[in-house]
Amino acid sequence: MDTPDDRRDAVPSAFQEHLGTVADFYARHNEDLTPAQRLIEKLSLFLGSPAYVVGNLVFVVLWIVWNLAAPALGFDQWDEPPFFWLQGMIGLNAFVISTTVLIRQNRMSTLASHHSHLDLQVNLLAEEKNSKIIRMLEELRRDLPNVHNKVDPEAEELSTPTDTEAVLSIIEASAEQFNCERK
């Protein structure tokens, strides 16, 4: 069986450096959390667990069974049908769950926005590098005496860096076609 160190040795060192950078990014993001946010994170993980759902269902069923069977067993009935107190607890539970989920989703949305921005920056840099490589290869092809100098319109077009402003304006103009909202 492979250990984590064996698998790590199978990955190029450049990948390991990038992995370290990503891990540092998440660590910095987690350091910025307030104690309240940390509590919300833990709470939302618990509230989203299958055990919590099962626990809620068991509680509700036991509540209903007890309140229906209590008079026949000679005990006091806490909550008569239609179970006003149970409905209140379920409503409060729903409020806590939805608020907790919204708070966590807001944080995850901010993190996703950072990822998106990073992806865009890396993609733009990669596109720039690819254009430069194509230009260099075309220069090299033209300068080598053994290689026939032929015009390659596709290579010529790809060697030109993309005008990101033009692409963004086309996307904005076509927002309705892409089912995007304009803000």
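On a predicted model such as this, the values are computed, not experimentally measured, just so you know. (Residues numbered from 1 in each chain as written. Predicted model: local features only at pLDDT ≥ 70, side-chain atom pairs only at ≥ 80, totals over all residues. Heavy atoms only, no water.)

Caption draft 1: Molecular detail of a nonpolar patch on the surface. Among the surface-exposed residues, L43, F46, L92, F95 and V96 lie close enough to one another that they form a single nonpolar patch of about 460 Å² accessible area. Counting only elements with at least two residues in the nonpolar patch, the list comes to α3 (35-47) and α5 (84-143). Considering each element in turn, the nonpolar patch owes the most residues, three residues, to α5. Residue placement: L43 occurs in helix α3. Taking relative accessible area as the criterion, L43 reaches 31% and is therefore assigned partly exposed. (Patch = residues over 30% accessible without salt bridge, like charges linked within 9 Å, V, L, I, M, F, W, Y side chains within 5 Å. Areas by Shrake-Rupley, 256 points an atom, 1.4 Å probe, with all protein chains shown as cover. Salt bridge = Lys/Arg side-chain N within 4 Å of Asp/Glu carboxyl O. Helix = DSSP H or I, 4+ residues; strand = E, 2+ residues; numbered from the N terminus. Buried < 20%, exposed > 50% of the residue type's maximum accessible area, 1.4 Å probe, protein only.)

Caption draft 2: Looking closely at the pattern of salt bridges. Overall, the coordinates contain three salt bridges when judged by the stated rule. Its salt-bridge partner being R104, residue E41 comes within 2.7 Å of it at the nearest N-O pair. In this pair, E41 is assigned in helix α3 and R104 in helix α5, connecting sequence segments 63 residues apart. For R104, a relative accessible area of 25% corresponds to the partly exposed category. Judged by its relative accessible area of 8%, E41 falls in the buried class.

Caption draft 3: Seen up close, the packing of α3 against α5. Between α3 and α5, whose axes approach to 9 Å, the crossing angle comes to 120 degrees. For the pair α3 and α5, the sense of crossing is left-handed. Counting all contacts with α3, which are made through Q37, I40, E41, L43, S44, L45 and L47, the residues of α5 involved are V96, I97, T100, I103, R104, R107 and M108. (Axes fitted to C-alpha atoms, helices over the stretch in contact; angles between N-to-C directions. Left-handed = near helix turned anticlockwise from the far one by under 90°. Contact = heavy atoms within 4.5 Å.)

Caption draft 4: Expanded view of a negative patch on the surface. On the surface, D152, E154, E156 and E157 cluster together to form a negatively charged patch. With respect to the element layout, E157 can be found in helix α6 (residues 153-158). (Lys, Arg positive; Asp, Glu negative; His and termini not counted. Charge placed at Lys NZ, Arg CZ, Asp CG, Glu CD.)

Caption draft 5: Quick peek at unusual backbone geometry. A cis amide bond links P81 with the next residue in sequence, P82, at an omega value of 15 degrees. The topology assignment puts P82 in the loop between α4 (50-73) and α5. Residue F83 is not a glycine yet carries a positive backbone phi of 60 degrees. Along the polypeptide, F83 turns up in the loop between α4 and α5.

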